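Fold and contact review
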Amino acid sequence: MEYFTLTTKTTGQDPAATAAALQQAWDACAEVPCPKCHVPAGQYCRDRTGGVLYVTRFHRPRQDAAGVPSVLGPVGIHGLSWAKGTGRYRWDDRRIPAAR
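Residues numbered from 1 in each chain as written. Predicted model: local features only at pLDDT ≥ 70, side-chain atom pairs only at ≥ 80, totals over all residues. Heavy atoms only, no water.

Let's talk about the pattern of salt bridges
For the coordinates displayed, the defined rule picks out one salt bridge. The shortest N-O distance in the salt bridge between D92 and R94 comes to 2.9 Å. The partly exposed category is assigned to D92, whose relative accessible area is 27%. Under the relative-accessibility criterion, R94 is labelled partly exposed at 32%. (Salt bridge = Lys/Arg side-chain N within 4 Å of Asp/Glu carboxyl O. Buried < 20%, exposed > 50% of the residue type's maximum accessible area, 1.4 Å probe, protein only.)

Next comes the structure, spelled out in structure tokens:
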């Protein structure tokens with residue numbers, strides 16, 4: 001979670017269960033390749049802007065492939081979100097760190 005901070009609105013669920021579900025969803029996404037931007041498992045997703053690649057949040061198709069809806073649904077979350085960042089980061093092939 002080098003570039004992003006996981007965040008969620010209050011769901012009325014146990015905060016520890018919510019945090020555990022977010023970590024599990026993050027790790028699940030890290031274990032599958034992205035069908036949208038075609039990065040391999042273990043790398044951040046990327047978007048191209050003006051011919052330059054930038055790190056971006058996990059694309060929805062990757063979240064779906066990783067089973068994120070079934071992990072987050074029970075705690076009332078409908079997808080991974082990130083707190084507003086302070087900038088954009090050029091994409092490179094660095095590995096995604098485990099959430100745990």
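After that view, the rundown keeps rolling.
Quick word on the confidence of the model for the chain
Residues of the chain with pLDDT of at least 70 account for 91%, and the chain-wide mean is 87. Here helix α1 (residues 15-30) is the element of the chain with the lowest mean pLDDT, 91, and helix α2 (residues 60-65) is the one with the highest, 95. (pLDDT = per-residue confidence, 0-100. Helix = DSSP H or I, 4+ residues; strand = E, 2+ residues; numbered from the N terminus.)

So, the nonpolar core
Note on soluble globular proteins: their nonpolar side chains tend to be buried together. Within the largest apolar cluster, 28 residues are counted, with the highest numbers of intra-cluster contacts made by W26, Y44, F58, L72 and L80. Looking at this core, the elements that each hand over two or more residues are α1 and α3 (68-72). With seven residues, α1 is the largest single contributor of residues to this core. Beyond its immediate chain neighbours, meaning those up to four positions away, F58 contacts W26, C29, A30, C45, Q63, L80, W82 and I96. (Core = buried A, V, L, I, M, F, W, Y, C linked by side-chain atoms within 4.5 Å. Contact = heavy atoms within 4.5 Å.)

Points about the packing of aromatic side chains
Tallying each qualifying case throughout the model produces two aromatic pairs. The ring of W91 carries the charged tip of R46 above its face, separated from the ring centre by 4.5 Å. In this structure, R88 is placed above the aromatic ring of Y54, and the distance from its NZ or CZ to the ring centre is 3.9 Å. (Phe/Tyr/Trp six-rings, centres within 6.5 Å; stacked < 30°, edge-to-face > 60°. Lys NZ or Arg CZ within 6 Å of the ring centre and 35° of its normal.)

Digging into the environment of K9
Within the secondary structure, K9 sits in the segment before α1. For the pair K9 and A65, spaced 56 residues apart in the sequence, the C-alpha separation amounts to 24 Å.

Re the pairing of strand β1 (residues 45-49)
Both β1 and strand β2 (residues 52-56) contribute to a ladder of five bridges, which runs antiparallel. When the bridges of β2 are listed, D47 appears paired with Y54. Linkage of β1 to β2, two consecutive antiparallel strands, is achieved through a turn of two residues, within which G50 is found at a positive phi near 60°. (Pairing = 2+ DSSP bridges.)

Thoughts on the side chain of H59
Looking at the secondary structure, you find H59 in the loop between β2 and α2. For H59, the residues in contact, after removing those within four places along its chain, are C34, K36, C37, C45, R46 and D47.

Things to note about unusual backbone geometry
Even without being a glycine, H38 presents a positive backbone phi close to 65°. Topologically, H38 is positioned in the loop between α1 and β1.

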